[in-house]
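# Survey of secondary and tertiary structure
Listed below are the residues making up each chain.
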Amino acid sequence: MKISLRVLSVLMILSIVLVACGAKATQTTSGSNEKVDLTFWYWAESDAPGADAWMTESVEAYKTVNPNVTINIVPQSTDTLISAFQSAVTAKSGPDIASQWATGPVLGFVWQDAVAPISDYVKADEMKNWLNTNENTYNGKVWAAPMYLIGIEIMYNKDMFATAGVTPPANGRWTWDEFMAACEKIKTAGFTPFVVGDKDGYGGAWWFSHLGMQGLDSTDDLRQAIIGKADFTDPHYTGWYSALDDMVKKGYINEDVMSLDLSQGAQAFSQGKGAMAWGTDGMIKQALTDLGADKVGLMRTPSYGTGKMAETGNATQSISFFITKWSAHPQQAADFLAFLHTPDRLSSWYKHTGVIAADSRFDRSVVTDPVLKQMMEWETTGPQVWLENFLPGQIDSDGDLTAGQMIFSQSGTPADAAALWQRAAETWRNQHPDELTNWTNWQQ
Amino acid sequence: MLYKKMSTRTGITFRKIEPFLYLAPATILIVLIFLYPIIDIIRTSLLQNNPNGIKTIGITNYRLVFQDPVFWQALGNNGKLLLSVPILTVLSLMVAILLFEHVRGWVVYRGIIFMPYVLAIPVVGMTFVYLLGLNGIINTLLRGAGLAFLAQDWLGSIKWVLPSLSVVIIYREMGFGVVLFLARLMSLEKEILEAAEIDGANFWQKHIYVTLPQLSGVIEFFIVVELITMLSWVFAYVFTMTGGGPGFASTVMEFYIWKHAFAFRSPGIASALAVVLLMVTTVLIILQLRLRRRFLDESV
């Protein structure tokens, strides 16, 4: 009888342990019966038209495999992407998964203790396939997941080039003098050489991320000016505004640059209103559709600077998805983000958007258009940096964006633009001692 | 006897506190809705995010705000917008008087003029973005009429952006002014106006010397309301039409507060800016309350 009781006790203890283990497993796998509601503040459509439809399809597909998990997608607006999430951080309540632009914006929220490191929830075997994770790596952890890669290069109208007698660069890249000479020819032929929109300030910011980067040796070089160990008025940082100013003064930029926002600038190219324009993968795809596949060519930004970053590419994951610190279901959120990287989802992503996925498992053979194929090669070859992501938001807004508007609207000189950067940096340093400390300690 | 005395005393005490009990719910509501946020904003304006956490830093945020050139530019832009208040008032008065004279179809005109005031500001803003672009409808019409020299980048040049914003604000706010003035005009005693006409007063004399003096209370009220609007109710116009640009040419205080609060992650600075704006606006609100009292007395 005593033995029976002992056996019974051991069996009961074993049962409890097994049930406990089972419960643990239930909590950490999405395939469990636990009902889980996840809210995802999602942004991608502006970068990659078709992204919203893809996400709707992905949520449905996930629901089929994990009927207990409900993903509520809340599309976010570009204008309020940062401010809306900042409100959530202040309230310490909001979505389980959120979207932010990579690097500076993501890390800004990491430093506010609002983000859970995704590398704590996704296996290293899975994450090794994700591209550009370095953009959101800090203190040895990856804080956000990439979904796609976009680069920004110059698309050109082949017919306008031919009419103006301009030959595209043989190696895909002009020197600055060759570029300016081509602009002059195009203008003489009666076309607008370069169309861009800067009503929202981002047109100027894109010039910074291209020409500004070419003068720098590293992102840390930029950081020195941000934290006050170098001066933005040094031509090393802002001397390139003279080149942009020269373009505007010579009439190489569309007159309505300040009436158009960035996307409208790209649309103007697609409508045949200019010979050249910046284009992301999505914009290039749209131009190929609007103007004709044989009418659009692609080239890299002309060589301007002599810094060590002059040859660095500019591809970025753009938006990053991350798990919020307050999420009650971080593991399930991570599982869903990992699901978005399954081969079926990666393939579907490209079908919907025409933008390449940020994953080494992405089947590159599906990219058949020669222009988009060229773009993919540039985006995945060599080091890639989108410099604007390495600015604190306030300096980007009150320095970068505003200085570009100053030049495009001709309301100030390149020296004034440089002074604006310096003033924005000084104001930020005075007003944000906490952020200054984080940027000072950030080893890039 | 003792019972009667006690109940009388209780009755007197209750009568004394009775009004306060009636007032209590509303008072508590007002304190919660208005006073608490104001106190909290003032408290936040004394805080700063430091590397070691949130610290009380006294009036440092105010010093930083006053050192920031963008603050002064934003305040200056609000000041420039105030210049549109006299134009708005005169236009509203003129239109209201014309409608009061019962021009043919005045009821339709009244509806048309009031309609923009009913529309949401972002709707009005986005419409004018398309109208005022360099290649927008207005410039296209000007070019078509051979007046290309008048075509401007209305929202894209630092010279024209504030006047353009003013025009849009006037366009929308005029509906409110016209209806307000018209309502007051309708309540005027017709005999006085008829007497002026019998005495030989022409259109202008009648309205300048007879109508306007009787509208003085409502005009003053409207002016103060619009002064407050130009100081602290123009965010939606700026946000939808210009984003504060080009540069800082159309940045106003509200927009700058919003940027600091939500885009720049600096609630302390945003709160300090809000307190400064609150102080300026409070002066105008006190003025408005005094004028409103006078207007109401006049109406009675």
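A brief look at the structure comes next. (Residues numbered from 1 in each chain as written. Chains lettered and ligands numbered in written order. Predicted model: local features only at pLDDT ≥ 70, side-chain atom pairs only at ≥ 80, totals over all residues.)

### Let's talk about the overall build of chain B
Note the following rule: For the purposes of this entry, the term helix denotes a DSSP run of H or I that reaches at least four residues, the term strand denotes a run of E that reaches at least two, and both are numbered from the N terminus. Any residue with 12 or fewer other C-beta atoms within 10 Å of its own C-beta is exposed, any with 20 or more is buried, and the rest are partly exposed; the C-beta atoms used are placed from the backbone. C-beta atoms are first placed from the backbone for all residues, and any pair lying within 7 Å is then listed as a contact.
Broken down by element type, chain B carries 13 helices and 2 strands. Along the longest, intermediate and shortest principal axes, the C-alpha atoms of chain B span 95 × 70 × 30 Å. Going through the 300 residues of chain B one by one, you find that 34% of them count as buried. Considering only intrachain contacts with a sequence separation of at least 6, the fraction spanning at least 24 residues in chain B is 70%.

### So, the overall build of chain A
Cut-off, in case you're wondering: As defined in this context, the radius of gyration uses C-alpha atoms, and a globule is described by 2.2 Å times the residue total to the power 0.38.
The helix and strand tally for chain A stands at 19 helices and 11 strands. Relative to the compact-globule value of 22 Å for 444 residues, chain A shows a C-alpha radius of gyration of 25 Å, a close match. The C-alpha extent of chain A, read off along each of the three principal axes, is 105 × 50 × 35 Å. In chain A, which comprises 444 residues, the share counted as buried stands at 51%. Considering only residue pairs separated by 6 or more positions, chain A has 79% of its internal contacts joining residues 24 or more positions apart.

### As for the sheet that holds strand β8 (residues 153-157) of chain A
Residue and element names in this part refer to chain A. Formally: Pairing between two strands is assigned when DSSP locates at least 2 bridges connecting them. For helices, the fitted axis covers only the stretch in contact; all axes are lines through C-alpha atoms, and the angles between them, taken along N-to-C directions, range from 0 to 180 degrees.
Pairing within the open sheet is antiparallel, and its 3 strands lie in the order β9-β8-β10. The outermost strands of the open sheet, each flanked by one partner alone, are β9 (276-279) and β10 (296-299). Across this sheet, the average inter-strand angle for adjacent strands is 35 degrees, counted without regard to direction. As defined by bridge partners, β8 adjoins β9 across 4 bridges and the pair is classed as antiparallel. Paired with Met 155 across the strands is Ala 277, a residue of β9. Packed onto the sheet, helix α12 (residues 262-270) meets β8 and β9 and runs at close to 130 degrees relative to β9.

### Some words on helix α3 (residues 69-82) of chain B
Residue and element names in this part refer to chain B. Our working definition: Working rule for helices: expected span equals 1.5 Å times residues minus one. What the arc covers is the set of directions going from the helix axis to the C-beta atoms.
Between its first and last C-alpha atoms α3 spans 20 Å; for 14 residues at 1.5 Å apiece the expected length is 20 Å, and the two agree. Among the residues making up α3, those that are buried are Val 70, Phe 71, Ala 74, Asn 77, Asn 78 and Leu 81. Down the axis, α3 shows its buried residues gathered within 125 degrees of arc, on one side only. Every exposed residue of α3 that faces more than 90 degrees away from the buried side is listed here: Pro 69, Trp 72 and Gly 79.

### Observations concerning the nonpolar core
This is how it is decided: The term nonpolar core refers to a group of buried residues, namely Ala, Val, Leu, Ile, Met, Phe, Trp, Tyr and Cys, whose C-beta atoms join them within 7 Å. How far each domain reaches was decided by an automatic or database domain assignment.
By size, the foremost hydrophobic cluster in this structure holds 139 residues, and its most contacted members are Ile 118, Tyr 148, Ile 284, Phe 322 and Leu 337 of chain A. Two domains each provide a minimum of three residues to this core, namely domain 1 (34-143 + 318-357) and domain 2 (153-314 + 385-441) of chain A. Judged by nonpolar contacts, the second largest core, of 55 residues, contains Leu 99, Trp 154, Val 168 and Ala 249 of chain B.

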